[in-house]
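Structural overview
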Amino acid sequence: MKGIVVEGGERLVGEVMVSGAKNAALPALAAALLVEGTCRFTNVPRLRDVETFRGLLEKLGARLHWRGKGELEVDTSSIEGVTAPYELVKTMRASILILGPLLARMGEAVVSLPGGCAIGARPVDLHLKGLEQLGAHIELEHGYIKARARRLKGARICLDIPTVTGTENLMMAAVTAHGTTVIENAACEPEVEELALILKEMGAEIDGAGTNVLTIRGVKELRPARYSIMPDRIEAGTLMVAAAVTGGNILIKGCRLEHMEAVLGKLRETGMEISPLGEGEVRVVGDHVPRSADVKTLPYPGFPTDMQAQFMVLMTLANGLSVISETIFENRCMHVSELKRMGADIRVQGSTAIVNGVPRLGGAPVMATDLRASASLVLAGLAAEGETVVSRTYHLERGYEDLEGKLAALGAKVRKVDLNEDLGQQE
Ligand code: EPZ
């Protein structure tokens, strides 16, 4: 069982480069299915979910090769398969992203229904409803989505919820559909905007990238693209909180602050000094006890749900009471019970956590339950007195490129370990 041991109390200093964004790289790989040829993506983070997605595309007949650091070549000249099996989808829900492009390219797709996950039921009903509006015939059988479409046709789709991967799936299905598609109440996360830019690089005709209304005029065919993946705003936010909870002073390079306004605003509200230096560089200083601040997670440009657990760690050390409301997922407070074992004073009512700041946390053995919870437990370990052992950190490896290496380079005492059979709570 993979684990991470953190010896708390070290102040982080130095500089760190942010990796490419996981949630931009995965849809980019899916979009490659739309073209017959070789796409080349740079600044691709080398993390477990990217490798899993690579395996999925290769299963469909694609050939992928790493050409140097962060450079991934994706050859989708010959795609034979149309099936994403349960064994694979259950390890990575983002596999659902091949549904739209496979339908567009092959006229059919058989994708396992992604089950729920630790943070919620995660239904895909809006993906399927939108694809049916585009003319797809969809059947659900034995846990699989069986989709067929001779030729997708443009439609006006209004999403009940601005679903990120739902918007991405529908955009990819619409770019070669016959006619024009309008997606209203579309997600406008930077990663969704990035996918629109990648598709336009392939020759797609899309207006409204980065807004809640996307207009897509179907084109006959697309061409392979070269594209550099945007930096990961959630990793950048995680590193900022690492500086805050250790009273550190770090220079973060390669981030796009315009994608992080809600997070920057909240961190400044707690008293953090955040000084943009231009060219994607920002100095963050957290050398005092943070002030408490309330947070409500919302679709972009609101405060991102993927930063909720990390921000909560900072609030466990704040002077005062903060209210953290999770509105996107129904069960994204599982890090709370682990933080309480480290001495945090938190009460949860539904999806709202009331955090009463304490002077210090104490190291303890804790268990990660999902990707961002595992990051939050490492952050808590950095701030805690004594040793924290975080188990099940395979979650962390799914979504962060060598986070422990980056933290260690900033002076943190963190190291990977192999724990014997994990005796923590049952799944
Ligand atoms: C994406 O997940 C991200 N994953 C998540 O990041 C992120 O937390 C989430 O967007 C919200 O920003 C990737 O991009 C690969 P949603 P996604 O569809 O698309 C409900 C991480 O840590 N919903 O926007 O699955 C859903 O249940 C991961 O990197 C439906 O009801 O999220 C949720 O309550 C975690 N029906 C809400 O919408 C649907 O058909 C938002 O989910 C689709 C979604």
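Attention here is on the structure that accompanies the text. On a predicted model such as this, the values are computed, not experimentally measured, just so you know.

Within the structure shown, the criterion is met by 25 salt bridges. Among the ionic pairs, Glu15 bridges to Lys253, the shortest N-O distance being 3.0 Å. Of the two residues, Glu15 sits in strand β2 (residues 13-17) while Lys253 sits in strand β15 (residues 249-253), which places them 238 residues apart along the sequence. Given the relative accessible area of 48%, Glu15 is considered partly exposed. In this structure, Glu51 and Arg46 form a salt bridge, with 3.3 Å as the shortest nitrogen-oxygen distance. Given a relative accessible area of 30%, Glu51 falls into the partly exposed group. Look at Arg46 and you get partly exposed, because its relative accessible area is 45%.

Attention now goes to the packing of aromatic side chains. Within the structure shown, the criterion is met by 1 aromatic pair. Pairing Phe303 with Phe311 gives two aromatic rings, centres 5.6 Å apart and planes at 70°, and the pair type is edge-to-face. The class of Phe303 is buried, set by a relative accessible area of 6%. By relative accessible area, Phe311 is classed as buried at 1%.

The next subject is the site of the ligand. Close contacts around the ligand come from 20 residues, with Leu126, Thr163, Thr165, Asp306 and Ile328 the closest. Residue Lys22 places a side-chain N or O atom 3.0 Å away from an oxygen atom belonging to the ligand. Considered on its own, the ligand offers 830 Å² of accessible surface; in the complex 87% of this is hidden by protein. If you list the elements that add at least two residues to the shell around the ligand, you get α1 (22-31), α5 (125-133), α6 (164-174) and α12 (371-383). When residues of the shell around the ligand are assigned to their parent elements, the largest contribution, 3 residues, is made by α5.

Reading the values: rules and limits
- Residues numbered from 1 in each chain as written.
- Predicted model: local features only at pLDDT ≥ 70, side-chain atom pairs only at ≥ 80, totals over all residues.
- Heavy atoms only, no water.
- Salt bridge = Lys/Arg side-chain N within 4 Å of Asp/Glu carboxyl O.
- Helix = DSSP H or I, 4+ residues; strand = E, 2+ residues; numbered from the N terminus.
- Buried < 20%, exposed > 50% of the residue type's maximum accessible area, 1.4 Å probe, protein only.
- Phe/Tyr/Trp six-rings, centres within 6.5 Å; stacked < 30°, edge-to-face > 60°.
- Near = heavy atom within 4 Å.
- Polar contact = N/O pair within 3.5 Å; in protein donor to acceptor, adjacent residues only side chain to side chain.
- Areas by Shrake-Rupley, 256 points an atom, 1.4 Å probe, with all protein chains shown as cover.

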